[in-house]
2 protein chains.
Amino acid sequence: MAMSERVADNIATADRLVREAAGIGAQIVLIPELFEGPYFCIDMLAEHFARAFPVEGHPTVAHFQKLAAELNVVLPISIYERANNATFNTVVIVDADGAQLGIYRKSHIPDGVGYTEKFYFNPGDTGFRVWRTRHATIGVGICWDQWFPEAARAMALQGAELLFYPTAIGSEPPDPAWDSSGHWQRVMQGHAGANLTPLVAANRIGREVGRAGEREITFYGSSFIADPTGAKVAEAGRDEEAVLTALFDLGAVREMRHSWGLFRDRRPDLYGALLTHDGSGSR
Amino acid sequence: MAMSERVADNIATADRLVREAAGIGAQIVLIPELFEGPYFCIDMLAEHFARAFPVEGHPTVAHFQKLAAELNVVLPISIYERANNATFNTVVIVDADGAQLGIYRKSHIPDGVGYTEKFYFNPGDTGFRVWRTRHATIGVGICWDQWFPEAARAMALQGAELLFYPTAIGSEPPDPAWDSSGHWQRVMQGHAGANLTPLVAANRIGREVGRAGEREITFYGSSFIADPTGAKVAEAGRDEEAVLTALFDLGAVREMRHSWGLFRDRRPDLYGALLTHDGSGSR
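Residues numbered from 1 in each chain as written. Chains lettered and ligands numbered in written order. Predicted model: local features only at pLDDT ≥ 70, side-chain atom pairs only at ≥ 80, totals over all residues. Heavy atoms only, no water.

Engineer: Explain the relation of the copies chain B and chain A to me, and be specific about the residues and the numbers.
Structural biologist: Screw-axis analysis of chain B against chain A gives a translation of 0.0 Å along the axis, an RMSD of 0.0 Å, and a rotation angle of 180 degrees. Interpreted geometrically, this transformation is the action of a two-fold axis. The rotation axis passes nearest to the C-alpha of B:G190 in chain B, at a distance of 2.0 Å. Taken together, the interface assignments show that 98% of the residues at the interface of chain B recur at the interface of chain A, consistent with an identical surface on both copies. (Least-squares fit on C-alpha atoms with pLDDT ≥ 70 in both. Contact = heavy atoms within 4.5 Å.)

Right under this line is the structure:
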């Protein structure tokens, strides 16, 4: 979906698309990252902090809690969260009965021209979590998290049967010719394949211009669903609204995951370097 | 390349192909896993332990040390290593002057029908290493290691500019219709993209029948080279001998890797689950 400036319009669009997905059988529906409005991280402007609200009493979350219960669908809801003086890029996990199961705060915060998220978001402090929803045990990362094999693995190790990534990514303002969409898909296809876990990524579409008019981003859509071998089984275009669905037999996937043996053959005793920034064996 | 029973023939084939690669400019050449002979792990037979020899004085390694020096190429040489009562699936890193830089012992050992490696190999004890060769700093994993994001990441964190995986993989004896080649490629493409590090995988070709005649494997080739976004830039067929080459500007790759920011934005403080088998936060 594309986002406009008016929160109510974006909620209405997401509501319509969730209903469409549920109508064709979806049980877990992923709306893109920060769908309440434009991708404000295109600029560094203090006024955008006013977009952040606490989880408690959050009207957008409340809207989709009602919808989840009505449709019996699980909805990870991406918001800009204010928590006292901290601000986070957060997903609230809404179960299919409308209950909040908890929150995940984006762990990996990007910073580049047009994607100046370090200005807006504290690095998440929840760690990677999984959620035993009515329809499956799911893991949810947020956008930049999707580039990190560690995040996908941490969720898979905790039993995630499906991985979800709400996203906002498109062109690079310093180099409009640069198209990361293939790179973006391949890295997540790798997570799906390495964890033998289906993966869903939902990105926005549309061209957005910063408040200052200096930068613009064309979000490239290309939302997709990967199967447990990393093959794409559904994929949206670059500039059209779309509802993608796929059906996975989680028992069959689990059998395949066990028999392939990767989670049996891991060597945690040799992974110490992963807990460092520079590969030094010691912390 | 395909392998036959006679070690001398396989050495001659590998020698010819290394010369061909060097002739078209290759500086680092990857020969497939255990190229001295058939993939004996298709059966569990005590007689195959006689194929293991110590690194010191190993005639195949010595052969390729001479060749490396003659051609000024780096050669990771895959052997079945005997070390007292232990046996490992090992790569000896031969620098372009013919010197041995050290060894890496395969960390992740598979076990499945036709791939009964746990019968033959101790789990490697060297950990993941990188090698400052004359032509680049390289990381080398061995076959099954290629399925583990942790191995690729550990090598990239230590400064690997290129990742190499000698391989022996093909059909699954219990289900000849099962073709893992796409899965296999996608997982490694994911490593390349997630680490912004080019990656080279060399697999064998040919049909091999176990000594007992009960099992056969058709190795599917499909050797490939991925660029730092995970895109395939060279790929071999499934049943033909091939020499693949690609040229990477390692300085340009490093600039891209830094500017993309993944190694800046990692969160080692949140990766504790990776050091467990079951995702429990504590060890």
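Engineer: Would you mind going over the interface of chain B and chain A in detail, with residue names and values included?
Structural biologist: Taken residue by residue, the interface counts 56 residues in chain B and 55 residues in chain A. In total, chain B and chain A occlude about 4900 Å² of area from one another, counting both sides; carbon and sulfur atoms represent 63% of this. Taken as a group, B:R186, B:W260 and B:L274 account for 14% of the area that chain B buries against chain A, more than any other trio of residues on that side. At the boundary of chain B with chain A, the tally comes to six salt bridges. Run the count over chain B and chain A and you get 24 residue pairs in polar contact (both at pLDDT 80 or more). Elements with a contribution of two residues or more to the side of chain B that touches chain A: α3 (149-157), α4 (181-195), α5 (250-260) and α6 (262-265) of chain B. Take the side of chain B that touches chain A: its biggest share by element is seven residues, from α4(B). Across the side of chain B that touches chain A, the residue classes break down as 26 nonpolar, 17 polar and 13 charged. (Buried area = accessible area lost by both parts, 1.4 Å probe. Salt bridge = Lys/Arg side-chain N within 4 Å of Asp/Glu carboxyl O. Polar contact = N/O pair within 3.5 Å; in protein donor to acceptor, adjacent residues only side chain to side chain. Helix = DSSP H or I, 4+ residues; strand = E, 2+ residues; numbered from the N terminus. Nonpolar A, V, L, I, M, F, W, Y, C, P; charged D, E, K, R; others polar.)

Engineer: Let's hear about the sheet that holds strand β4 (residues 130-132) of chain B: which residues, and what values?
Structural biologist: All names here are of chain B. Here we have six strands laid out as an open sheet, ordered β4-β5-β6-β7-β10-β11, and mixed in their pairing. In the strand order of this sheet, the two ends are held by β4 and β11 (232-235), each with one partner. Averaged over all neighbouring strand pairs, the angle between strand axes comes to 20 degrees, with direction disregarded. In terms of strand pairing, strand β5 (residues 137-140) meets strand β6 (residues 162-166) through three bridges, oriented parallel. Bridging from a neighbouring strand, I138 pairs with L162 of β6. (Pairing = 2+ DSSP bridges. Axes fitted to C-alpha atoms, helices over the stretch in contact; angles between N-to-C directions.)

Engineer: For the pattern of salt bridges, give the residues involved together with the corresponding values.
Structural biologist: Overall, the coordinates contain 48 salt bridges over all chains when judged by the stated rule. With a closest N to O distance of 2.7 Å, A:D15 and A:R19 form a salt bridge. Taken together, the residues A:D15 and A:R19, both in helix α1 (residues 7-23) and four residues apart, mark about one turn of the helix. Using a relative accessible area of 12% as the deciding quantity, one classes A:D15 as buried. Here B:R19 and B:E70 are joined by a salt bridge, their closest N and O atoms 2.7 Å apart. With B:R19 in helix α1 (residues 7-23) and B:E70 in helix α2 (residues 59-71), the pair connects residues that are 51 residues apart, well separated along the chain. The network of salt bridges with common partners includes A:E5, A:E47, A:R51 and A:R211. (Buried < 20%, exposed > 50% of the residue type's maximum accessible area, 1.4 Å probe, protein only.)

Engineer: Give me the lowdown on the packing of α1(A) against helix α2 (residues 59-71) of chain A, citing residues and values where you can.
Structural biologist: Residue and element names in this part refer to chain A. Between α1 and α2, the least distance of the axes is 11 Å, while the angle of their chain directions is 15 degrees. Here α1 lies roughly parallel to α2, going by the angle between them. Every pair of crossing elements has a handedness; the one defined by α1 and α2 is right-handed. Facing V7, I11, A14, D15, V18, R19 and A22 of α1, the residues of α2 in contact are T60, H63, F64, L67, E70 and L71. Counted by class, the contact of α1 with α2 contains eight nonpolar, two polar and three charged residues. (Parallel < 35°, antiparallel > 145°, perpendicular 65-115°, else oblique. Left-handed = near helix turned anticlockwise from the far one by under 90°.)

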